[in-house]
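# Fold and contact review
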Amino acid sequence: KEIKKEEKFILKLENEKTIEVDGIFINLGNEFTSSFDKNLNIRNQKNFIEVDKNMETNTKGIYAAGDVIEKDLRQICTAISDAAIAVDHIKRNRD
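Residues numbered from 1 in each chain as written. Predicted model: local features only at pLDDT ≥ 70, side-chain atom pairs only at ≥ 80, totals over all residues. Heavy atoms only, no water.

### Let's talk about the overall build of the chain
Put simply, the rule is: Put simply, DSSP H or I for four residues or longer makes a helix, DSSP E for two residues or longer makes a strand, and each gets a number counted from the N terminus. Exposure classes here rest on a 1.4 Å probe applied to the protein chains alone. A residue is buried below 20% of its type maximum, exposed above 50%, and partly exposed in between. Contacts are assigned to residue pairs with any non-hydrogen atoms lying within 4.5 Å of each other. For accessible areas, the Shrake-Rupley method is used with a probe of radius 1.4 Å. Any residue's cover is judged against the shown protein chains and nothing else.
Helices and strands together make up the secondary structure of the chain, namely one helix and three strands. Ordered by position from N to C terminus, the α and β elements of the chain give β-β-β-α. Buried residues in the chain amount to 21% of all 95 residues. Look at the contacts in the chain between residues 6 or more apart in sequence, and 20% of them connect residues 24 or more apart. Of the roughly 7700 Å² that the chain leaves accessible, carbon and sulfur atoms contribute 50%.

Here it is in structure tokens:
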């Protein structure tokens, strides 16, 4: 409901309780609306894009990274890592 920064962050919850914390991580959700891959058959049953260890899909040359792939940790730093892995693989495998 409300966030204030004093010595610590003070979070005011919907039930009017407050919590003091040193830091916060805001999760805006992880539903994605991308539809470029509609006809590529690269999504799994949970609607995530399936990739291998190099972030490449089952369609050669199509890569995915970040919240569109299935993984346990969803943070900016992991999305950046996914992208770096994909770019490295692309660079190493140019024709």
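### Looking at helix H1 (residues 76-92)
This is how the line gets drawn: Working rule for helices: expected span equals 1.5 Å times residues minus one. In this context, the arc is that of the directions from the helix axis out to the C-beta atoms.
Taking 1.5 Å as the rise per residue, H1 with 17 residues should run 24 Å; its terminal C-alpha atoms sit 24 Å apart, in good agreement. All buried positions along H1 are accounted for by Thr 78, Asp 82, Ala 86 and His 89. Buried residues of H1, seen end-on, are gathered within an arc of 80° and therefore sit on one face of the element. Summarising the geometry of H1, the exposed residues directed more than 90 degrees from the buried face are Ile 76, Ile 80, Lys 91 and Arg 92.

### Considerations on the environment of Glu 70
As a reminder of what qualifies: Residues adjacent in sequence count toward polar contacts only when both atoms are side-chain atoms; beyond that, a polar contact is any pair of N or O atoms within 3.5 Å, and within protein one must be able to donate a hydrogen and the other to accept it.
As for its position among the elements, Glu 70 is in the loop between strand E3 (18-21) and H1. Taking the C-alpha atoms as reference points, Glu 70 and Lys 46, 24 residues apart in sequence, are found 8.4 Å from one another. Setting aside residues no more than four positions away along its own chain, Glu 70 makes contact with Asn 44, Lys 46, Phe 48 and Ile 49. Engagement of the side chain of Glu 70 in a polar contact is seen with the side chain of Asn 44, the distance being 2.7 Å.

### As for the confidence of the model for the chain
Note the threshold: Scored from 0 to 100, pLDDT reflects the predictor's confidence in each residue.
Across the chain, pLDDT averages 85, with 83% of residues at or above 70. Highest mean pLDDT in the chain belongs to H1 (94); lowest belongs to strand E1 (residues 2-5) (57).

### Description of the side chain of Asn 44
Tracing the backbone through its elements, the reader meets Asn 44 in the loop between E3 and H1. A polar atom in the side chain of Asn 44 sits 2.9 Å from the backbone nitrogen of Lys 46. Among residues more than four places away in sequence, those in contact with Asn 44 are Glu 50 and Glu 70.

### Considering unusual backbone geometry
Even without being glycine, Asn 41 reaches a positive phi, approximately 55°. One can find Asn 41 in the loop between E3 and H1.

### Some details on the pairing of strand E2 (residues 9-12)
Test applied: Whether two strands pair comes down to DSSP finding at least two bridges between them.
Two strands pair when backbone bridges link them, and E2 and E3 are joined in this way by four bridges, in the antiparallel orientation. Directly across from Ile 10, in E3, lies its bridge partner Glu 20. Between E2 and E3, which pair antiparallel in sequence order, lie five residues; one of them, Glu 16, sits at a positive phi of approximately 75°.

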